[in-house]
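# Architecture at a glance
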Amino acid sequence: MTPPFVFMDLRTADLEASRRFYTELFGWTVADVPAGPATVPMFVDGDGPWGGFTQLAEGDTRQPQWIPYAPVTGLEDAAKRAMELGATIVRPRVDFPAGSVIVIQDPEGATIALWEPATASIS
C-alpha cells in the first residue's frame, strides 16, 4: 500500500522546543531549508524534506498538533466534496511552488491537509 500521507506539518507554539524534542527522541534530522528570503525548519532524510514546522501565531488558541497532508487530484473539487460530507475549511487554499493546500477539519474535529502537487502526478 502506498502511504496515504505525503508530508507532515507540526504546528507548535515553541518551535525550538519541538525541534529539540523530536531530534532527541527519534534522532530525526532537522535542516533549515531556504524558502524565499527566509529559511524554514524541516524534517529531512536522504530523499529530502518529509515534514516541517509551522509556528503558531501569538494569541492563536489552537493546541499544537501534527497535520498530515493527503494527496488529491483536483484540490477545489476535493475541498468541495469534503464540505458536502460535513467538513469545514480551516485554512483556505495556499499556493506554493511545489503545490497547493487546503486545510480542513472533519465533522469530528480532526484536521487534515488536502495537497495537490504542482506538476507531479499522484500515484
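Within the protein, the secondary structure is distributed over two helices and eight strands. Ordering the α and β elements of the protein from the N terminus gives β-α-β-β-β-β-α-β-β-β. In terms of overall size, the protein behaves like a compact globule, its C-alpha atoms giving a radius of gyration of 15 Å where 123 residues would be expected to give roughly 14 Å. Taken along the three principal axes of its C-alpha coordinates, the protein extends 40 × 35 × 35 Å. Each of the 123 residues in the protein was classed as buried or not, and the buried ones make up 33%.

Before going further, it helps to examine the pairing of strand E6 (residues 88–96). Sheet topology note: the E6/strand E7 (residues 99–105) ladder contains six bridges and is antiparallel. Bridge pairing in E7 places Thr 88 opposite Gln 105. Between the antiparallel neighbours E6 and E7 lie two residues.

As for its position among the elements, Thr 12 is in strand E1 (residues 7–12). Given the relative accessible area of 4%, Thr 12 is considered buried. At 3.1 Å, the side chain of Thr 12 forms a polar contact with the backbone nitrogen of Asp 14. Once residues within four sequence positions are removed from consideration, Thr 12 is found in contact with Ser 18, Phe 53, Thr 54, Gln 55, Leu 56 and Pro 64.

Looking at the element boundaries, Pro 3 is found in the segment before E1. Residue Pro 3 is classed as exposed on the basis of its relative accessible area of 55%. A sequence separation of 96 residues divides Pro 3 from Gly 99, and the C-alpha atoms of the two residues are 18 Å apart.

Another point: helix H2 (residues 75–84). Along H2, the residues that are buried comprise Leu 75, Ala 79 and Ala 82. For H2, the arc enclosing every buried residue in end-on projection is 60°, short of the 170-degree limit, so these residues lie on one face. Exposed residues pointing more than 90 degrees away from the buried face of H2 are listed as Asp 77, Lys 80 and Glu 84. Contact partners of the buried residues in H2: E6, E7 and strand E8 (111–117). Two residues or fewer past H2, Gly 86 is found with a positive phi of approximately 105°.

What counts and how
- Residues numbered from 1 in each chain as written.
- Predicted model: local features only at pLDDT ≥ 70, side-chain atom pairs only at ≥ 80, totals over all residues.
- Heavy atoms only, no water.
- Helix = DSSP H or I, 4+ residues; strand = E, 2+ residues; numbered from the N terminus.
- Rg over C-alpha atoms; globule rule 2.2 N^0.38 Å.
- Buried < 20%, exposed > 50% of the residue type's maximum accessible area, 1.4 Å probe, protein only.
- Pairing = 2+ DSSP bridges.
- Polar contact = N/O pair within 3.5 Å; in protein donor to acceptor, adjacent residues only side chain to side chain.
- Contact = heavy atoms within 4.5 Å.
- Arc of directions from axis to C-beta.

Geometric values such as these leave the question of function open.
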